[in-house]
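Notes for the structure review
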Amino acid sequence: MHDGGLLQLRGMDRGAVVELLARAREFARQVGRESGARPIGADSGGESNGSESGARPIGSESRSTQRIGSESRSTPMVATMFFEDSTRTRLSFEIAARRLGVEALDIGPSSSTSKGETLVDSAKTIEAMGVDALIVRAGPSGAAHLIARHVSVPVINAGDGKHEHPTQGLLDCLTLCRALGRDDFDLSGVRVAIVGDVVSSRVARSAVAGFGALGAEVVCVGPVHLAPRSLEGLGCSVSHDLDGVIGDVDAVMMLRVQRERHGGTEVRRHEGGEWGAAGSVGAYRAGFALTAERAGRMKAGAVVMHPGPMNRGVEIDSEVADGARSLVTRQVAAGVVVRMAVIERALGGASG
Ligand code: CP
């Protein structure tokens, strides 16, 4: 297993998390300075090429040139293997790769897995073609770990089942630190509520690990079947009372109810109603949605996060999602620079 990959945040120490966040912040500053968003890895013909941030074109300095037939190849390649739908993660990995001067090749559900090829065989096949890193999103929890055990290139987990979504966790950390002015990436004394379908959420697991590594206190909030006490094993507390928590936290991260991960049991009992039956969304909203009224009871300066995709009018009201507290679009923007840092590290760049 290559140690340049990123499979999960759980178990990562503060130093490793901060190193990636600091590098992402450097990229953010650099991208912000670039009016034309010039690719960091592009040949600059002697111009500054990220020198202020220490960025190097991956493949021109940090890697040895590879011989392919009679031609040399110095442009590294990553393969994005997405076997679940994605807007933010897939595209931001592709943009991140481009900004680094890395080629991103997309292999999705239309690959030979539709003919019965296993994920591992697909990954080994792509590796054999000379790809330098694999970025994997797949339905089974542990899929990225499984692939990483069978290939020698770095594997980056872009979300595996209910397990983890580590680059999402990092972008959430970067966004929250910047919003709260924690330039040292120290979230000591900060309380974060993660609200909704926590049990189904890989985002929540990575967020608990990431925020926890930076010193924040996390409380997971939801109805009993979506936020069971067993989540405490992740290193957070659990509450079933959003109204009791909402005025006491510095950040609220709302989660979508992932009915597709409920094992085919569309109908879930929740106190006065059934999810999927008439009135059930109303029952859920009554207890656990971030309505405009609830958001109005948040502390001054407290912020609202959502990893997306959002179900407006279910877990979050549009006034809140688009309101002054919302960091949603900042989270998306942070995704690009975080993924730049993660790809760079995987390919043996500045952070490696
Ligand atoms: N947050 C997130 O993973 O979104 P996508 O499914 O659109 O990638």
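The model shown is predicted, which means the values in this text are computed figures rather than measured ones. (Residues numbered from 1 in each chain as written. Predicted model: local features only at pLDDT ≥ 70, side-chain atom pairs only at ≥ 80, totals over all residues.)

The subject of this paragraph is the environment of Pro223. As for its placement among the helices and strands, Pro223 is situated in the loop between β8 (217–221) and β9 (237–239). Here the alpha-carbon distance between Pro223 and Gly287, two residues 64 residues apart in the chain, equals 8.0 Å. (Helix = DSSP H or I, 4+ residues; strand = E, 2+ residues; numbered from the N terminus.)

In this section: the pairing of strand β3 (residues 77–82). On any regular strand, side chains alternate: one points to one face of the sheet, the next to the other face. A large share of β3 lies buried, amounting to 5 of its 6 residues. Across 5 bridges, β3 lies against strand β4 (residues 103–107) in parallel orientation. Across the sheet, Met81 pairs through a bridge with Ile107, a residue of β4. In this fold, β3 hands off to helix α2 (residues 88–99), which returns the chain to β4; that crossover is right-handed. As paired strands, β3 and strand β5 (residues 133–138) are joined by 5 bridges and run parallel to one another. Each residue of the ladder has a partner; that of Val78, found in β5, is Ala133. (Buried ≥ 20, exposed ≤ 12 C-beta atoms within 10 Å, placed from the backbone. Pairing = 2+ DSSP bridges. Right-handed = clockwise from strand over helix to strand, strands pointing away.)

Another aspect to go through is the sheet that holds β4. Taken together, 4 strands build an open sheet; the order of strands is β4-β3-β5-β6 and the sheet is parallel. One side of each edge strand has no neighbouring strand; the edge strands of this open sheet are β4 and β6 (155–160). Within the sheet, the average angular offset between the axes of one strand and its neighbour, ignoring direction, is 15°. In the packing of helix α4 (residues 143–150) onto the sheet, the strands contacted are β5 and β6, and the crossing angle to β6 comes to about 160°. (Axes fitted to C-alpha atoms, helices over the stretch in contact; angles between N-to-C directions. Contact = placed C-beta atoms within 7 Å.)

One finds Leu134, Ile194, Val195, Val252 and Ile343 to be the most contacted residues of the largest nonpolar core, which totals 104 residues. There are two domains that each give this core at least three residues, and those are domain 1 (14–164 + 332–346) and domain 2 (167–327). Once residues lying within four places of it in the same chain are set aside, the contact partners of Ile343 are Val78, Ala96, Ala97, Leu100, Val102 and Ala133. (Core = buried A, V, L, I, M, F, W, Y, C linked by C-beta atoms within 7 Å. Domains from an automatic or database assignment.)

Strand pairing in a sheet takes place through backbone hydrogen bonds and is either antiparallel or parallel in direction. With respect to topology, 5 strands assemble into an open sheet ordered β9-β8-β7-β10-β13, the strand pairing being parallel. Two strands in the sheet have a free side with no partner beyond their single neighbour: β9 and β13 (303–305). For this sheet, the mean angle separating the axes of adjacent strands, direction not counted, is 25°. As judged from the 3 bridges shared by β8 and β9, these two strands associate in the parallel manner. Across the sheet, residue Val221 finds its bridge partner in β9, namely Ser239.

In terms of burial, β5 is largely enclosed, as 6 of its 6 residues are buried. The two faces of β5 match: Ala133, Ile135 and Arg137 on one face and Leu134, Val136 and Ala138 on the other face are all buried. As paired elements, β5 and β6 share 4 bridges and run parallel to each other. Its bridge partner lying in β6, Leu134 is registered against Val155. Handedness of the crossover joining β5 and β6 through α4 is recorded here as right-handed.

Between Gly308 and the following residue, Pro309, the backbone shows a cis peptide bond with an omega angle of -5°. We note that Phe185 has phi near 60°; this positive angle belongs to a residue other than glycine. Looking at the element boundaries, Phe185 is found in the loop between α5 (166–179) and β7 (191–195).

This next bit is on the site of the ligand. Close contacts around the ligand come from Ser86, Thr87, Arg88, Thr89, Gly159, His165, Gln168, Pro307, Gly308 and Pro309, and that covers them all. Both domain 1 (14–164 + 332–346) and domain 2 (167–327) contribute no fewer than three residues apiece to the shell around the ligand. (Near = placed C-beta within 6 Å.)

With that settled, the discussion passes to the packing of α2 against helix α11 (residues 328–346). Between α2 and α11, whose axes approach to 8 Å, the crossing angle comes to 55°. If you check the angle between α2 and α11, you find them oblique. Of the two elements, α2 crosses α11, and the hand of that crossing is right-handed. For the pair α2 and α11, the contacting residues are Arg88, Ser92, Phe93, Ile95, Ala96, Ala97 and Arg99 in the first and Val332, Gly335, Val336, Arg339, Met340 and Ile343 in the second. The class makeup of the residues in the contact of α2 with α11 is 8 nonpolar, 2 polar and 3 charged. (Parallel < 35°, antiparallel > 145°, perpendicular 65-115°, else oblique. Left-handed = near helix turned anticlockwise from the far one by under 90°. Nonpolar A, V, L, I, M, F, W, Y, C, P; charged D, E, K, R; others polar.)

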